[in-house]
Amino acid sequence: MSRLEPIGVLGAGWVGLVTAACFAELGHEVCVRDIDEARIAALEAGGTGIYEPGLAELLERNRERLRFTLDVREAFAAARSVFVCVGTPPTHSGDADLSAVWRVLDELEPGSDGLTLVMKSTVPVGTGEKVRIELDSRGRADVGYVSNPEFLAEGTAVADFQRPDRVVIGSFGPGPGDAIATLYEGLGVPILRTDVATAEMIKYASNAFLATKISFINEIANVCEETGADVSVVARGMGLDPRIGPHFLRAGLGFGGSCFPKDVAALKQLAGNSGYHFQLLTAVIEVNELQKRRVVAKLAKHLGSLRGKTVTLLGLAFKPNTNDMREASSLVLASRLLAEGAHVRGWDPVALGEARELLQGVELHEDLLAALEGADAAVIVTEWDAVRAFPYHEAGRVMRSAVLIDGRNVLDPDEARAARFFYESVGRP
Ligand code: UGA
C-alpha cells in the first residue's frame, strides 16, 4: 500500500486535527469532517479554534493536502481508512456517551468498499465488539474495524503524534490491522498489535495508572506537609529507581483536563458495570477532588476569613500550553473561593475566552500585574512560563498583602521568602 493513501478523519477536535495535520505532513491527502459549521468555517479560513503549539503551522504548511467539510460523504468518498476522532464525554452516570460513535455507523455510505473504521476516540472496553456486531448485522461485514487509541497530550500533541512511545493497533483479524500499521511505518516506532478489547483497555489502564501516580504523589505531599519532608526531593529520589521512573510525580493541585478525570471515572464505571469494585480508582478520584480544596485552608491560615478578601488565580487552563479548561482546577477553586465570600480574579495568557463562559462571577485580566493589583493573595494554578518568572518585586508593590500559594511547586521557596512573600507550596517545607 502506498503511504500516500488518502485518509478520512471524523471530528475536528484536538485528536482529529492533530491526526489530520500529521498524516498530511507524512504526505497523505486528508479530508476532515465535523458537524460544527463554525469550526469548519474557521478551519477553512485558516484558523484552528484551539490553542496547540505547532498545529496552526502544520495545518498551514499542508494546506493543499487538507480538506475540511460538513459532508460526511466527502470524508468517506476517497478514503479507505477513516479515523473516528469524535467526542465521548462522560454522561451523568459516569459512562462514556457514545452517541457520536453510533452516528458514524448511521452515516456509512453503501458500498464504501475496503473501508476500515479506525477508532481513535477513547471508548469503553467492549465498544469495538459491539460496533463489529452492529456492522455485521447491518450487512457491513466488508467494513473493517481497528482500535487505535491515541496517547497524545495537549500542549505537546504534535510531537507526541510524530514521535510516539508506541502505536497500539487492535483488530479482530490481521487484515485491517495490517493496513493501519502500514500508515504508521513512516514514524519508525514500536507498533503493538493486539485484539480490539486489549487495545481499548491499554488506553484506559495507561491513563488510570498515570492518574494514580499523581494522586499517590499528592498524598505523599500531604504527609510531607505534616512531617517536614520535601516532596519534590522525595519524588526525585523515587524516580531514580527505573521501576518507578521520574515522570508524573509532580505534586500539585491534582489532575484535570478532558481525559484523566473522564477516563478514570469511566474505567471505574466499566468495572462496576461488570460487577467489579475498583477500590483503588475510587481513592484516586477522591484524593484528586480534595487536593484542589486544600488551597482554601492554606489561604485561611494566612488571611483568616476569606469573606471580602481578593484572591487572584494565576493560570486558568487545566495545564500550560493549552486553552482547554475542561475539569481545570481553577473551576473548583474559583467556586470554593466565591462560596467563602472572596472576591476572585483570574489571569491566563490564552484561556480567557473559555474562562469568560465558564467562570461566572470571576474578574478576568489579561495583564498579570493588573490581576494582582490590590489582591490579598495569589494562587498559582497553572504553571505558565510567565508565572514561573513571577515578578516578585512588582507584585509585592501592587498586592495588598504578599501571600502566595504555589499550587504547582514552580517557584523557589527561598527566593519567595527572600522577596518577603508569605509563601506556601504543596508538600515542601
Ligand atoms: C493525558 C495523557 O498524558 C495522554 O497520554 C493521553 O493521550 C491524554 O490524556 C488523553 O487521554 O487524551 P492530557 O490530559 O493532555 O494528556 O494532559 P497531561 O499532561 O497528561 O496532564 C493531565 C493533568 O495531570 C494536568 O492537569 C496536569 O497538571 C496533571 N499532572 C500531570 C500533575 O498534576 N502532575 C504530574 O506529574 C503530571
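Chemist: Where do I start with the overall build of the protein chain in this structure?
Modeler: For the protein chain, the helix and strand inventory stands at 18 helices and 14 strands. Oriented by its inertia axes, the alpha-carbon framework of the protein chain measures out at about 70 × 50 × 40 Å. Expressed as a percentage of the 429 residues in the protein chain, the buried residues total 53%. Taking all contacts inside the protein chain whose residues are at least 6 apart in sequence as the whole, residues at least 24 apart take part in 72%. Looking at the protein chain as shown, the accessible area adds up to about 18,800 Å², and 54% of this sits on carbon and sulfur atoms. The protein chain carries 44 positive and 58 negative side-chain charges, and their two centres are separated by 4 Å.

Chemist: Sorry if this is basic, but what is going on with the site of the ligand here?
Modeler: Near the ligand there are 20 residues, and of these F151, E154, K203, N207 and C259 occur at the shortest range. At 2.6 Å from an oxygen atom of the ligand is found a main-chain nitrogen or oxygen belonging to F151. Considering the ligand on its own, with 710 Å² of exposed area, one finds that the protein chains cover 92% of that surface. Among the secondary structure elements, those contributing two or more residues to the shell around the ligand are α9 (196–227) and α11 (260–273).

Chemist: What exactly am I supposed to notice about the nonpolar core here?
Modeler: Most often, soluble globular proteins have nonpolar side chains that are buried together. In this structure, L299 and L337 are the most contacted members of the largest nonpolar core, which totals 49 residues. Apart from the residues within four sequence positions on either side, L299 is in contact with G304, L306, V311, L337, A377, V379 and I405. Ranked by size, the runner-up nonpolar core spans 37 residues in total, among them I7, L55, L58 and V146.

Chemist: Can you walk me through the pairing of strand β9 (residues 310–314) in this structure?
Modeler: Residues in a regular strand project their side chains so that they alternate between the two faces of the sheet. Across the 5 residues of β9, 5 count as buried, placing the element largely inside the fold. With burial as the criterion, each face of β9 is covered, one bearing T310, T312 and L314 and the other bearing V311 and L313. Inspection of the sheet shows β9 paired to strand β10 (residues 343–347) by 5 bridges, in the parallel sense. Pairing of L313 across the sheet is with G346, part of β10.

Chemist: It is not clear to me how the pattern of salt bridges should be interpreted in this structure. Could you clarify?
Modeler: Two side chains of opposite charge can pair, provided their charged atoms sit close to one another. This structure, assessed with the given rule, holds 28 salt bridges. Between D136 and R132 there is a salt bridge whose closest N-O contact spans 2.9 Å. With D136 and R132 both in helix α6 (residues 127–137), this residue pair falls 4 residues apart, about one helical turn. Judged by relative accessible area, D136 falls into the partly exposed class, the value being 39%. A relative accessible area of 13% places R132 in the buried class. With a shortest N-O distance of 3.3 Å, D263 and K262 are connected by a salt bridge. Residue K262 is classed as buried on the basis of its relative accessible area of 17%.

Chemist: Is there a simple way to explain the environment of G13 in this structure?
Modeler: Mapped onto the fold, G13 is located in the loop between β1 (7–10) and α1 (14–25). C-alpha of G13 to C-alpha of C85: the two residues are 72 residues apart in sequence and 7.4 Å apart in space. The residues touching G13, leaving out its near neighbours within four places in the chain, are D34 and R39.

Chemist: I keep staring at the sheet that holds strand β13 (residues 403–406) and nothing clicks. Help me out?
Modeler: Strand order in this open sheet of 6 strands is β11-β10-β9-β12-β13-β14, and the pairing throughout is parallel. Of all strands in the sheet, those with a lone pairing partner are β11 (363–365) and β14 (422–424), marking the two edges. Strand after strand, the sheet turns through a mean of 20° between neighbouring axes, direction not considered. The strands touched by helix α13 (residues 329–339) within the sheet are β9, β10 and β12 (377–380), with β9 carrying the most contacts at an inclination of about 180°.

Chemist: Help me understand the domain arrangement of the protein chain in this model?
Modeler: Note: interface size is frequently given as the accessible area lost on complex formation between the parts. What the domain assignment reports for the protein chain is domain 1 (7–194) and domain 2 (252–424). For domain 1 and domain 2, the distance between their C-alpha centroids amounts to 33 Å. On the domain 2 side, the residues contacting the 17 residues of domain 1 number 16 residues. Roughly 1,200 Å² of surface becomes buried between domain 1 and domain 2 when both sides are summed, with 52% attributable to carbon and sulfur atoms. On the surface where domain 1 and domain 2 come into contact, there are 1 salt bridge. Across the pair E154 and R326 runs a salt bridge, and its minimum N-O distance is 3.7 Å.

Conventions used here
Residues numbered from 1 in each chain as written. Predicted model: local features only at pLDDT ≥ 70, side-chain atom pairs only at ≥ 80, totals over all residues. Heavy atoms only, no water. Helix = DSSP H or I, 4+ residues; strand = E, 2+ residues; numbered from the N terminus. Buried < 20%, exposed > 50% of the residue type's maximum accessible area, 1.4 Å probe, protein only. Contact = heavy atoms within 4.5 Å. Areas by Shrake-Rupley, 256 points an atom, 1.4 Å probe, with all protein chains shown as cover. Lys, Arg positive; Asp, Glu negative; His and termini not counted. Charge placed at Lys NZ, Arg CZ, Asp CG, Glu CD. Near = heavy atom within 4 Å. Polar contact = N/O pair within 3.5 Å; in protein donor to acceptor, adjacent residues only side chain to side chain. Core = buried A, V, L, I, M, F, W, Y, C linked by side-chain atoms within 4.5 Å. Pairing = 2+ DSSP bridges. Salt bridge = Lys/Arg side-chain N within 4 Å of Asp/Glu carboxyl O. Axes fitted to C-alpha atoms, helices over the stretch in contact; angles between N-to-C directions. Domains from an automatic or database assignment. Buried area = accessible area lost by both parts, 1.4 Å probe.

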